[in-house]
Amino acid sequence: MKEPIRVLHFQGRLGSGGMETFMMNAYRSLDRTKIQFDFLIYDDYEDVKPYNKEIQKMGGHIYVVPNPKRNIIAYIKAVRELLRDKKFEVVHNQVFFGGGINLKLAKEAGIKKRIAHSHFTSDGKGNSIPIIVLRKVFHRLLLKNATVFLACSMEAGYGLYGKKQPFTLIPNGIDLNMYQSVPESKEQVRADLSIPEDSLVVGHVGRFDEQKNHKFLVEIFKEIVNKKENSHLLLIGVGKLQDEVKEQVKKMGIEEKVTFLGLRKDIPYVLKSMDVFLMPSLYEGLPVSAVEAQAANLKLVLSTEVTRETQLSENVQFLSLEDTPQKWAFAVISEPMMNSPFIELDNYDMKHTANLLENIYLS
């Protein structure tokens, strides 16, 4: 029997973020007798292991290398050795800033199919002179060494490749049925999470870092409580800023109304408890969590930094980050709370996405 081709994903980390969730959804759905995934991560994230056992069970490998931010020479050496010693037919780069280096190393190793994949509209690193110079260098390397260009949205594609380089859209697919057919009632799930049945439940899914803008999110929720006292906030995720956000919640005196749920593997179940999904991100591509929320028929309130392509249902509002927390709060509590998906949501079924990826890997 012919061995499956091996695809090395330059991932950086394997936490529970949207990019990692998307690739794991794809890995579960594609034909693993034909294609196998391996993952390259940085040593800083070696202990972040929500998917490690599952990857190994499905036949994949995880390779740990030095973080290029700390030692670029050691990183390049380790990647060259990995590409020399292991056989990969395809490399799939998920790294936004500096991904051109990975693709150059893959080209030097003789790997013919080298995929660049944009999941964000920005690298979020600001515009200092050193960053601007590095960004230009990495951009040239990426365009010169990639053979396939993918993006989760038009804005994410333009953000990484510019407007002259053609690219292919790959929807951030999910298992739609999981979110549309949770058997438990909203009341049951709220009881399980110790939330009063009559609460207005606002939720967010995302790791605690700068991009997700949790501090502003908490300011918005404080205003929501001022307007509607029986409100509750659910925060799903972990990250380096989690303790700071917890301290902010404590100082605002809303501890009893905010639940930090950490990492959850039952996202469809938890979404069932919510009324509104709130995401005031500083930048995004097309967030998987927002697709999940719409599959669960939640109302969404998003920042204008989230691409408009994210709207796959009727009740989605976009607000500027320049708007006051009061204006955001009003948008959250305003009726209607129900939502209905557009037919375009069907394009985000993971079976469709997995077929697209299979064709790209095998063509």
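Each remark here, short or long, concerns the structure printed above.
Report on the accompanying structure. (Residues numbered from 1 in each chain as written. Predicted model: local features only at pLDDT ≥ 70, side-chain atom pairs only at ≥ 80, totals over all residues. Heavy atoms only, no water.)

Quick look at the sheet that holds strand β7 (residues 168–169)
Here seven strands make up an open sheet; going across it, the order is β3-β2-β1-β4-β5-β6-β7 and the pairing parallel. Since the sheet does not close on itself, it has two edges, and those belong to β3 (61–65) and β7, each with one partner. In this structure, strand β5 (residues 113–118) lies alongside strand β6 (residues 148–151), joined through four bridges in parallel fashion. The residue of β6 that forms the bridge with Ala116 is Phe149. (Pairing = 2+ DSSP bridges. Helix = DSSP H or I, 4+ residues; strand = E, 2+ residues; numbered from the N terminus.)

Observations concerning the packing of helix α9 (residues 214–227) against helix α13 (residues 325–333)
At their nearest, the axes of α9 and α13 sit 8 Å apart, and the two run at 65° to each other. The way α9 lies across α13 gives a crossing that is right-handed. Taken together, the residues of α13 that come into contact with α9 (itself represented by Phe216, Glu219, Ile220, Glu223, Ile224 and Lys227) are Pro325, Gln326, Trp328, Ala329, Phe330, Val332 and Ile333. Its residues placed into classes, the contact of α9 with α13 shows nine nonpolar, one polar and three charged. (Axes fitted to C-alpha atoms, helices over the stretch in contact; angles between N-to-C directions. Left-handed = near helix turned anticlockwise from the far one by under 90°. Contact = heavy atoms within 4.5 Å. Nonpolar A, V, L, I, M, F, W, Y, C, P; charged D, E, K, R; others polar.)

Re the packing of helix α3 (residues 72–85) against helix α4 (residues 99–108)
Interhelical geometry of α3 versus α4 gives an angle of 40° and a closest axis separation of 10 Å. The orientation of α3 relative to α4 falls into the category oblique. Crossing hand, α3 versus α4: right-handed. On α4, the residues touching Ile72, Tyr75, Ile76, Val79, Arg80 and Leu83 of α3 are Ile101, Asn102, Leu105, Ala106 and Glu108. For the contact of α3 with α4, the class distribution of residues is eight nonpolar, one polar and two charged. (Parallel < 35°, antiparallel > 145°, perpendicular 65-115°, else oblique.)

Brief notes about the layout of surface pockets
In this structure, the second largest pocket spans a volume of roughly 250 Å³. In terms of lining, the second largest pocket is formed by 15 residues, of which the most central are Lys186, Lys272, Ala296, Asn297 and Leu298. (1 Å grid on protein atoms, 1.4 Å probe; cavity = no way out; pocket = protein on both sides within 12 Å on 5 of 7 lines; lining within 4 Å. Points joined across faces, edges and corners; volume = space filled by probe spheres on them.)

Considering the environment of Leu200
Counting through the fold element by element, Leu200 comes out in strand β8 (residues 200–205). Considering only alpha carbons, one finds Leu200 and Lys69, 131 residues apart in sequence, at a separation of 43 Å. Sequence-distant contacts of Leu200, defined by excluding residues within four places in its chain, comprise Ile224, Lys228, Asn230, Ser231, His232, Asp275, Val276, Ile333 and Met337.

Description of the nonpolar core
Core analysis: the largest hydrophobic core is formed by 64 residues, its most contacted members being Phe37, Phe277 and Tyr361. For Tyr361, the residues in contact, after removing those within four places along its chain, are Ile5, Val7, His9, Met23, Leu30, Ile35, Phe37, Val90, His92, Lys113 and Ile115. Within the second largest apolar cluster, 33 residues are counted, among which are Met19, Leu83, Leu105 and Tyr161. (Core = buried A, V, L, I, M, F, W, Y, C linked by side-chain atoms within 4.5 Å. Buried < 20%, exposed > 50% of the residue type's maximum accessible area, 1.4 Å probe, protein only.)

Examining the side chain of Thr353
Its place among the elements puts Thr353 in helix α14 (residues 350–362). Ignoring sequence-local partners within four residues, the contact set of Thr353 consists of Phe22, Ile170, Pro171, Gly173 and Asn347.

Looking at α9
With 14 residues, α9 should cover 20 Å at 1.5 Å per step; its first-to-last C-alpha distance of 20 Å lies within 8% of that length. Looking only at α9, the buried set comprises His214, Phe216, Leu217, Val218, Ile220, Phe221, Glu223, Ile224 and Val225. Turning to α9, the residues buried within the fold contact β8, β9 (231–236), α10 (242–251), β10 (258–262), β11 (276–279) and α13. (Expected span 1.5 Å × (residues − 1).)

Considerations on α14
Over its 13 residues, α14 extends 18 Å from the first C-alpha to the last, a length consistent with the 18 Å expected when each residue adds 1.5 Å. Considered for burial, the residues of α14 that qualify are Met350, Thr353, Ala354, Leu357, Glu358, Ile360 and Tyr361. Axial view of α14: buried residues confined to an arc of 165°, hence all on one face. α14 presents Lys351 and Asn359 as exposed residues on the side facing more than 90 degrees away from its buried surface. Those residues of α14 that are buried are in contact with β1 (5–12), α1 (18–29), β2 (35–42), β4 (90–93), β5 and β6. The N-terminus of α14 is capped by Asp349, whose side-chain oxygen sits 2.9 Å from the backbone nitrogen of Lys351. (Arc of directions from axis to C-beta. Polar contact = N/O pair within 3.5 Å; in protein donor to acceptor, adjacent residues only side chain to side chain.)

Points about the sheet that holds β10
The six strands are arranged β10-β9-β8-β11-β12-β13 in an open sheet whose pairing can be described as parallel. Edge positions in the open sheet fall to β10 and β13 (316–319), since each of these has one partner strand only. Neighbour-to-neighbour, the strand axes of this sheet turn through a mean angle of 20°, independent of strand direction. Across four bridges, β11 lies against strand β12 (residues 299–303) in parallel orientation. Along β12, the bridge assignment pairs Leu278 with Val301. Docked against the sheet, α10 engages β9 and β10, running at close to 165° with respect to β10. Taken strand by strand, helix α12 (residues 288–295) contacts β8, β11, β12 and β13, and its axis lies near 165° from that of β11.

Note that every value here comes from positions in space, so none of it alone points to a role or purpose.
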